[in-house]
Amino acid sequence: MKTNELHPPQWANRVLKWFHPEDTLEEVEGDLDELYAYWYERAGKRQATWRYLLNVASVLPPFVRRRERKQAYNNPFLIQPSMLRNYFTIAFRTLAHNKVYSSINVIGLSIGLAAAMLIMLYTKDEVSFDRFHANNPHIYRITSKQFTPAGVFQSYNTHTGYLQGPKFAAGVPEIKMSVRYQSNRSDIKVGTEVKSFESFYADSSFFALFSFPLVSGNPTTALREPKSVVLSEEMAEKQFGTANALGKILLVRNSQGDSKEFEPYTVTGIAKKCPQNSSIKFDFLFPYVVSKEEMANESNWFSFFQNTFVVLEPNANLKKVEATMNRVFQKDSKQALEEEIKRFGPQSKTEYMLQAFTDMHLNKDMPAQNGLVDASNPMFSYILSGIALFILLIACINFVNLTVARSLKRAKEIGVRKVVGGGRGQLMMQFLGESFILCFLAFGFALLLVQMVLPTFNELSNKALAFSYLFDAKLVAGYIGLFLATGLLAGFYPALVLSNYNPVQTLYSRFNLSGKNYLQKGLVVLQFALASFLIIATLTIYSQFNYLTNKDLGYNDKGIVMVNKSGLSRNEAKVFKDELLKNQNIRDVAPKNGGNWYTIAKVNGQTEINFAYETVDATYFPLLQIPIIKGRNFSAEFNSDSTSSVLVNETFVKKAGWTNPLGQVVDFWYNEGEKYKVIGVVKDFHFESLNAKISPQMFTMKPGNQYGKVFVKIKEGSETASLNHLAKTYKKLFPTNPYEYKFMDEENEKRYEAEAKWKQIMLFGAILTIFISCIGLFGLATLSAERRTKEIGIRKVLGASVASITTLLSADFLKLVSLSFVFAFPVAYYAIKQWLENYPYRIDISVWTFVIAAALSILIAFFTVSFQSIKAALGNPVKSLKAE
């Protein structure tokens, strides 16, 4: 009998499948097939077919009803109270039983979260600068672009003069008011003591335009009278011993004037301390007084020395306002400009524009300067944010790595939970719950850490951030977001992986993670790539800082004391020098002009050249040991030196294109008949910071130029005696002038404070990154040793040495650390190359930086891993084999 003859008719079978209830189809179909075969053997095919058809018909609806479906098992709601209680109980038990791993995760996450919190504070302070004024965002600073006579862009100019503010306010309807703001220095006399302070001058509308509340006084009239002054609360306390100083008299002398008399100024207002995030900070604010003659002088359109601010109408069109400003300028300055062109030739073109007040703080092209303070660079925020992100990311990687690596120990727990009905969603909730509990603990420790390190952070970042800033509503929302993001980032992947384990394999102990583990290895590589990057960045910043602070400046700044004395005449300088030299500890004295002077002159007939303009005497170069490489120094033997001779530096010679500089003429064409002959060339020296290239420099002894500073060379080891003599002599000769001294080498080092601070920040960042990476590696090494306990025991029984087992356990991790260099080095090379481009004088990128970074990373990783490896290798093999 053929096999296919035992099968019932196909069409009858299809009818059965189409119409019979699905829940019993398989069972009925099987029974009828068996009956058909039985009937076929007993009665033949025809009888079997008939009986099959009758039975099929009997099991079709309506003769048979659909069974009632069994109620599906309802999984309990994932976040009902009893389940949540269970999640937390299990989570706390698990964390308590694994103290080492819990500690590693909490410490790592705490540091990462604390770093992120500090950076959020820093960033909030940066972006909130100058936003507290009631007139914000309608406050603008008047700025301009400078173009050559041919129309080529030259530079931005943030300075203005007497006229821009009042003229634009009068000629542009959209400008509601303007304020001129100028910094100065003022001598304040209290009793017989005279001190010099930075002071500011502003128009009477200052308090209407800006929101600096007065503790006492009328903000409308406080700056109306010429002999009035507004003090900060702190300065009022210093000057009068009380903040209630309204109506008191302050004796003031403008340090720019020649007058030796102090004039009485009435305190008309006491201002609250300026907010930390303000570009305007003042202790003394005087009324801005300009004579009618100066306001009528149209040539003042071309004088730039202060900041001017305006407030626009709320709906003002900025482009339209700027266009109107430029029309006012062109119309009002037309005659003065023509005179300037007749006198000096074609002039640069000026195009006025407005800069948002809140844009100054982080603007690199038009920063807050000239009396405005705390200008910042957005790059600092990027670097700090990058470091915080690195640290937080590494801490999260630790969490993921340790949780997944530890999962073998929890495999049976997961299997049992699944067998007794635990769903994947419930397991994910449990593991995410553990993650959030750890994050919560870490968050609490992070707040403590922030409180502890905030003073150090303030010092490093040059900020005055307070712990109370943390409780700003936006920041609190940010921290909650950070908490949720960290909890999910650290816990989601482990929850996804662990909840997917096969319960059969886990319960039979056939489950293992001995596969490739690419993710875990990849995360270790990423951790050490970030750490290596920061090590290279730190080493580079250290090298550049050392280069800047140790490079030969071209002069000797050791043992040089600088004393400022504004308006120092030739006779005063001579008497001061003679008196100082009576002390044997004083080696020499050289006067110089105060501040930095720059001007323009013509060489080779018509070529204009810009240069630093220095007024010195013949002792200046010998005192600073600056070599004269051609010609001679100024000399008393040549009477004409003071009126017709100058020295220039090498850069000046190059700029002028001279092959034989001696005897060349420098023509100050705008002062009739003022020409000088070059009698010597001094070797280039860094009279400015090494962050700027050496520019052309010219030295003169012109009698009409006043000195403003004195360099005093003192004998080594005589600092105390020399300074006493210096102070005594100064106070005797200039009793009404404030006395202050500075050491030149210390002032030079202060020029690189930014680099010094970033050096420390990068060092802390690198140390934290390495530390967190290492504790993660330590945890992984511990787990690896535990998982290979039996293997280690067998190897020891077979004669393996401690060294070979240590090498075996450490080698895998060291390979991963070595692999991280492949990714870290190219990125680090590019980053430090871009950073060094900011410096005209910089170090070369050395291969040793990368070699040292690699050696440090490997050594640190080796010591971290080898501790657990040696401990495992020294273990008793009998115990380890029994334990398995």
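Further up the page is the structure itself.
Quick summary incoming for the structure in this document. Position labels on residues start from 1 in each chain and follow its written sequence. Totals for whole chains, interfaces and linings use all residues, but because this is a predicted model, local features are given only for residues with pLDDT of at least 70 and pairs of side-chain atoms are given and counted only at 80 or more. The side-chain quantities take in all heavy atoms of the structure and omit both hydrogens and water.

The helix and strand inventory of the protein stands at 28 helices and 22 strands. Its C-alpha atoms give the protein a radius of gyration of 41 Å, more than 25% over the compact-globule value 29 Å for 884 residues. In terms of overall dimensions, the protein has a C-alpha envelope of 145 × 75 × 60 Å along the principal axes. Out of the 884 residues belonging to the protein, those deemed buried represent 48%. If you sum the accessible surface of the protein, you get close to 44,700 Å²; carbon and sulfur atoms cover 56% of it. Charged side chains of the protein number 97 positive and 76 negative; the gap between the two group centres comes to 8 Å. Strands here mean DSSP runs of E at least two residues long; helices mean DSSP runs of H or I at least four residues long; both are numbered from the N terminus. The size measure is the radius of gyration over C-alpha atoms, and the globule rule it meets is 2.2 Å times the number of residues to the 0.38 power. Note on exposure labels: buried denotes an accessible area under 20% of the residue type's maximum, exposed denotes more than 50%, and partly exposed covers the range between, all computed with a 1.4 Å probe on protein chains only. Only the protein chains shown count as cover for residues, and all accessible areas are computed by the Shrake-Rupley method using a 1.4 Å probe. Positive charge is attributed to Lys and Arg, negative charge to Asp and Glu, and no charge count is given to His or to the chain ends. In this description, the location of a charge corresponds to atom NZ of lysine, CZ of arginine, CG of aspartate or CD of glutamate.

Another aspect to go through is empty space enclosed by the protein. In this analysis, the protein atoms alone were mapped onto a 1 Å grid. Cavities are point sets where a 1.4 Å probe fits without being able to get out; pockets are open sets with protein on both sides within 12 Å along at least five of seven lines; lining residues have an atom within 4 Å of a point. Grid points are joined across faces, edges and corners, and a volume is the space filled by probe spheres set on the points. This model, assessed by the stated rule, comprises three cavities of 30 Å³ or more. Lining of the largest cavity is provided by 11 residues; of these, Phe399, Thr403, Phe431, Glu434 and Ser435 occupy positions nearest its centre. Examining the composition of the lining of the largest cavity, we find that four residues originate from one element, helix α14 (residues 424-461), more than from any other. Its residues assigned to classes, the lining of the largest cavity comprises six nonpolar, three polar and two charged. Following the grouping adopted for this structure description, the nonpolar residues are Ala, Val, Leu, Ile, Met, Phe, Trp, Tyr, Cys and Pro, the charged ones are Asp, Glu, Lys and Arg, and the polar ones are all others, Gly among them.

Side chains that carry opposite charge are capable of pairing whenever their charged atoms lie near each other. By definition here, a salt bridge exists when the distance from a side-chain nitrogen of Lys or Arg to a carboxyl oxygen of Asp or Glu is within 4 Å. Under the definition given, this model contains 15 salt bridges. In this structure, the salt-bridge partner of Lys320 is Glu174, at a minimum N-O distance of 3.9 Å. With Lys320 in helix α10 (residues 318-332) and Glu174 in the loop between α6 (164-171) and β3 (175-190), this residue pair connects regions lying 146 residues apart in the sequence. For Glu174, a relative accessible area of 16% corresponds to the buried category. With its nearest N and O atoms 2.5 Å apart, the salt bridge here joins Asp374 to Lys281.

What follows deals with the sheet that holds strand β13 (residues 586-592). For two strands to count as paired, DSSP must find a minimum of two bridges between them. Pairing is antiparallel across the open sheet formed by four strands, whose spatial order is β13-β21-β12-β22. The open sheet is flanked by β13 and β22 (741-743), the only strands paired with a single partner. The sheet shows a mean angle of 25° between the axes of neighbouring strands, direction not considered. Note: strand β12 (residues 560-568) against strand β21 (residues 707-714), six bridges, orientation antiparallel. Its bridge partner lying in β21, Val563 is registered against Val710. Inter-axis angles, ranging from 0 to 180 degrees, are taken between N-to-C directions of lines fitted to C-alpha atoms, where helices are fitted over the stretch in contact.

Okay, the nonpolar core next. Membership of the largest hydrophobic core comes to 114 residues, with the highest contact counts inside it found for Tyr620, Phe621, Leu624, Ile626, Phe634, Phe699 and Phe711. Note on contacts: a residue pair is in contact if any heavy atoms of the two residues lie within 4.5 Å. Discounting residues that sit within four places of it in the chain, Phe711 has contacts with Ile560, Val561, Met562, Asp588, Val589, Ala590, Lys592, Tyr620, Leu623, Leu624 and Met744. In this structure, Tyr181, Leu209, Val230 and Ala271 belong to the second largest nonpolar core, which totals 25 residues. Among the buried residues, those of types Ala, Val, Leu, Ile, Met, Phe, Trp, Tyr and Cys that are joined through side-chain atoms within 4.5 Å form a nonpolar core.

Across a regular strand the side chains alternate sides, sitting on one face of the sheet and then on the other. Bridge analysis of strand β14 (residues 598-603) against strand β15 (residues 607-615) gives six bridges, and the strand direction is antiparallel. Paired with Lys602 across the two strands is Glu608, which belongs to β15. Between the antiparallel neighbours β14 and β15 lie three residues, among them Asn604 with a positive phi of about 55°. Where β14 lies against strand β18 (residues 665-667), two bridges are found, and the strand directions are antiparallel. Its bridge partner being in β18, Val603 is matched across the sheet by Val666.

Turning our eyes to something else, we now look at the packing of aromatic side chains. Two rings belonging to Phe, Tyr or Trp (six-membered ring only in the last case) form a pair when the distance between their centres is within 6.5 Å. Interplanar angles under 30 degrees mark stacking, angles over 60 mark edge-to-face geometry, and anything in between is tilted. On inspection of all chains with the given rule, the structure shows 55 aromatic pairs. Look at Tyr122 and Phe457: their rings are 6.3 Å apart centre to centre, the planes differ by 80°, and that puts the pair in the edge-to-face class. With a gap of 335 residues between them, Tyr122 in helix α5 (residues 99-127) and Phe457 in helix α14 connect regions that are remote in the sequence. With a relative accessible area of 3%, Tyr122 lands in the buried category. On the basis of relative accessibility, which here comes to 11%, the residue Phe457 falls in the buried class. Within the aromatic cluster, the residues linked to one another by ring pairs are Phe132, Tyr181, Phe200, Phe206, Phe207, Phe210, Phe212, Phe282, Phe309 and Phe357. The rule for a charge over a ring is simple: NZ of Lys or CZ of Arg within 6 Å of the ring centre, and within 35 degrees of the ring normal. The lysine or arginine in question, Arg632, covers the ring of Phe638, its NZ or CZ lying 3.8 Å from the ring centre.

Moving on to the packing of α5 against α14. It is the contact of α5 with α14, at a shortest axis distance of 7 Å, that shows an interaxial angle of 45°. When the axis of α5 is compared with that of α14, the two are oblique. Handedness of the crossing formed by α5 with α14: right-handed. Its residues placed into classes, the contact of α5 with α14 shows 23 nonpolar, four polar and no charged. Should an angle lie under 35 degrees it is considered roughly parallel, over 145 roughly antiparallel, and from 65 to 115 roughly perpendicular; all remaining angles are considered oblique. Helix crossings fall into two classes, left-handed where the near helix is turned counterclockwise from the far one by less than a right angle and right-handed where it is turned clockwise.

A few words now on unusual backbone geometry. Along the chain, Asn136 connects to Pro137 via a cis peptide bond; the corresponding omega equals 10°. Within the secondary structure layout, Pro137 lies in the loop between α5 and β1 (139-147). The phi angle at Asp130 is positive, at roughly 65°, despite the residue not being glycine. Positive phi is not limited to glycine here, since Asn604 has a value of about 55°.

Of note, Leu580 is situated in helix α18 (residues 570-580). Residues Leu580 and Leu726, spaced 146 residues apart in sequence, show a C-alpha to C-alpha distance of 6.7 Å. Sequence-distant contacts of Leu580, that is, excluding residues within four places in its chain, are made with Ile586, Val589, Val712, His725, Leu726 and Thr729.

At a minimum axis distance of 10 Å, the contact between α18 and helix α22 (residues 719-733) shows a crossing angle of 145°. For α18 against α22, the interelement crossing comes out right-handed. Between α18, through Val575, Phe576, Glu579 and Leu580, and α22, the contact on the second element is made entirely by His725, Leu726, Thr729, Tyr730, Lys732 and Leu733. Considering only residue class, the contact of α18 with α22 consists of six nonpolar, two polar and two charged.

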